[in-house]
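Remarks on the overall topology
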Amino acid sequence: MNSGANSGANPGAESGADSTDGDYRVYNNFYGPQYHGRAHFGIATAERPGRARATGLLDGDEIDALLRSYIRPDCFDDAARELSRTGIVVLTGPQGTGKRSGAVALLRETVGPSADYVVLSPDIGLDQLAERTFDEGVGYVVLDRTATAGTTGAGGAAGSTADAAGPSTDFDWRRVRDQLRRHRAHLVITTVHGVAGRSPEAVRHLPWRPPALDKVVRARLVQARLPQDSVDRAVSGIPSRCPIAVVAEAAQRIAAGADPDQAWKEHSGRAPQAVQEWFDAEEERSLREIAEVTTLAFAPGIGRRAFESLQDLLERLLGPVYFTPEADTADGAAATDATGPTGQAGAAPDGQGPQQRRRARPVDRRRSLSRNALITTEMQVYGATTREVMVFADAELRRWVLQALWRDHPTEYWDAVRHWLDALVGADPDPALQLSIASGLTLLGHIAFDEVVQSYLDPWARGESGEIGQTLAVYVLWYMCLEETQAAAALTLARTWAQSLHPTLRGTALIAFSGQLGVTFPTDAVKWLWAVLRSGALEKRAEREHGLRAWAQLFLTLVDCQEDAGIVLDALAHRIRKEQRTRSAAYSATGLLVLETTLWVFTATERLSGRPAVARHLADRPEEADVVAELWAAILCYRPLRRNALSALLVAARGLPAVTSDPTAAAARLGHALAAALPQVEHPLLTSELGRLAVSRPTRATGPDCVATLLGALNSAKDTHPR
């Protein structure tokens, strides 16, 4: 699988395929606009760079968005009293009940609006919480905490209870509660997992229920100063059993000026009813019709010819599920017409001879598709051309079709679907089809997560369907990260792969953590990338380079997403400082691994432009110059890596004019920081060697000479920072 990063440390590093759409910026291997209903799923534009990190400090805008017009449910006061009394409370309940906004509202009520609120990883274990140093007066929240510690991963490795969330005792909860009290901090945990058996006495687990939906809508619309008749009309149109998240989103659109009827239609619509009516028609749906909606559920947005080819293959695999040897002649004719006159699944049933098979008409799939009320066509523009593609008549139909198929069809049907998808993966599908399959499995995961993991993700991540299968397994995790309700599950699954003894599973985890999963959970990504790299499991050179490349790719991805790539650098700097404090002379094996990882990170370049990611990081975050210089000083002072470190420094300095409007200031900052980080004896050596290297590698680039600026700043600071 392509990592999408280039590295000077390894000129042969793999790179991704080219994106053909200049208006879109996509991360890692998310290429081009991908069809997900009628929405572009997973696409990032200049205005919307995809879902940001799910952990860390909550900023004021996010808090305001969560709590704007917040309505307290009946259980709020009870939870607030418990949080104030013990410092911790656990909110349990299904997705869509408002636990996230409820957790933040509880913290605001308890620790005050001016305090900091920090979101911790959903994969954190109670041992980690009990040993954590909390900041006094800060509110902490764990959203969608998982419960999988001590379970066996896909590769047979048992997860560690110290590193993952999972089954716990009252003693475990008591330790967490006492630690919070000791530091005078507060913690709210949300989870979809209820308490199995007796509830812990030390920490209260409260079932969370959403507030009345009409109150939520009224509060938002009154705050927007809508006329009373518009408020009443919007309230009267609330669909029954509508999740509070959907209600809040629709109310926001109505407050912004949308027509209430249209807003409710778009958010709830007739999709569930239309799908139910289609499946419950008086005449039972034929194999061909089931194959049509199944094919479209996993491959929307493709052309007619490609669609019919996929449908034909699926029909052949579904044939044995829908027709038995006892079928009468009429059923047999239908089977032949549906699956074709030849082939195993399409063989004529008993009672049809060769002459009758020869007279069978060609399968007219296009006429059948035109009669399917759930399916239509759409013209999509690709550059200067347009093409007709198959789509659902409504964007929401895809999700409800998958739900109906899972509910009403037997295991044999899903076995056939699995064989069909495996066959598609084995046929080397193009990137667009890969992403369509991945998004379909993501939607299926909402309904049948175990089926998706056991039948597709685990086998593909183990390499049973080759590199394409690995790629698709990673894509599904990345798609899951774009949805708040599935991101925690994606993190947990990737963690089990990273802990596995299976080398291919570990490799798939490295890829997953270096992309969108790392953007959503950067601290967890750094933790598990280092755990895999340091464990010694990557014994072969190719596997080791794969681990190093994953670090470089994570840094590049975070820089590209305009997220805090300093998390990667801080983790490396922390380990180098620890090594320098404890080593007597030579670096340990761990220290050398940190230095090598740092070099890979500093040589990572953007795939299309070739610009060094570290130059862009310095331009975007000037305050990071000190830690960058500290890391560069470490690899410059280690002679076996010095030549490559000098080369990377030259490339980074020359790359500054392309990423900032003031490259001279950026180069001077880096030069001053290097002067402070390097021993005094290294200053003239660096000036001499970097100067000679720059002369030996002339550049055609115009603009300021940032290499000279950097060296000038280094030399001017030699008396200011004696070492």
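Everything below is about the structure printed above this text.
These lines cover the structure that appears in this document, whether it is placed above or below. (Residues numbered from 1 in each chain as written. Predicted model: local features only at pLDDT ≥ 70, side-chain atom pairs only at ≥ 80, totals over all residues. Heavy atoms only, no water.)

**Topic: the overall build of the chain**
What counts here: Helix and strand labels come from DSSP, where a helix needs a run of H or I of at least four residues and a strand needs a run of E of at least two; each type is numbered from the N terminus. Exposure categories follow from relative accessible area, calculated using a 1.4 Å probe and restricted to protein chains: below 20% of the type maximum is buried, above 50% is exposed, and the middle band is partly exposed. By the convention used here, residues are in contact when the closest approach between their heavy atoms is within 4.5 Å. Methods summary: accessible areas were calculated by the Shrake-Rupley approach with a probe of 1.4 Å, and residue burial reflects only the protein chains presented.
Within the chain one finds 33 helices and 12 strands. Put simply, the chain has 723 residues, and 51% of those count as buried. Of all intrachain contacts in the chain linking residues separated by at least 6 positions in sequence, the fraction that spans at least 24 positions is 72%. Of the roughly 32000 Å² of accessible surface on the chain, 48% is carried by carbon and sulfur atoms.

**Regarding the nonpolar core**
Stated formally: By nonpolar core is meant a set of buried Ala, Val, Leu, Ile, Met, Phe, Trp, Tyr and Cys residues that side-chain atoms within 4.5 Å join together.
Grouped together as the largest cluster of nonpolar side chains are 145 residues, with contacts concentrated most on Leu421, Leu441, Phe513, Leu517, Trp551 and Trp632. Top contributing element to this core by residue count: helix 20 (residues 466–481), with 11 residues. Not counting the four nearest positions on each side in its chain, leucine 441 is found in contact with Phe298, Leu421, Val452, Tyr456, Trp460 and Val476. If you look at the next biggest cluster of nonpolar residues, it comprises 26 residues, including Leu67, Ala80, Tyr117 and Leu143.

**Quick notes on helix 7 (residues 228–236)**
Heads up, the rule is: Here the arc refers to the directions that run from the helix axis out to each C-beta atom.
For helix 7, the complete set of buried residues consists of Val231, Ala234 and Val235. Angular distribution of buried residues about the axis of helix 7 spans 100°; they occupy a single face of the element. Seen from the open side of helix 7, the exposed residues pointing more than 90 degrees away from its buried face are Asp229 and Ser236.

**Some details on helix 33 (residues 706–716)**
Along helix 33, the residues classified as buried are Cys706, Val707, Leu710, Leu711, Ala713 and Leu714. For helix 33, the arc enclosing every buried residue in end-on projection is 160°, short of the 170-degree limit, so these residues lie on one face.

**Looking at the pairing of strand 8 (residues 186–191)**
For clarity, the threshold we go by: Two strands pair if DSSP finds at least two bridges between them.
For strand 8, the tally of buried residues reaches six of six residues, placing the bulk of the element in the interior. Burial along strand 8 is two-sided: the residues His186, Val188 and Thr190 and Leu187, Ile189 and Thr191 are all buried. For strand 7 (residues 139–142) and strand 8, the ladder comprises four bridges, and the chain directions are parallel. Bridge pairing in strand 8 links valine 142 to isoleucine 189.

Everything listed is a geometric property; what it means functionally is a separate question.
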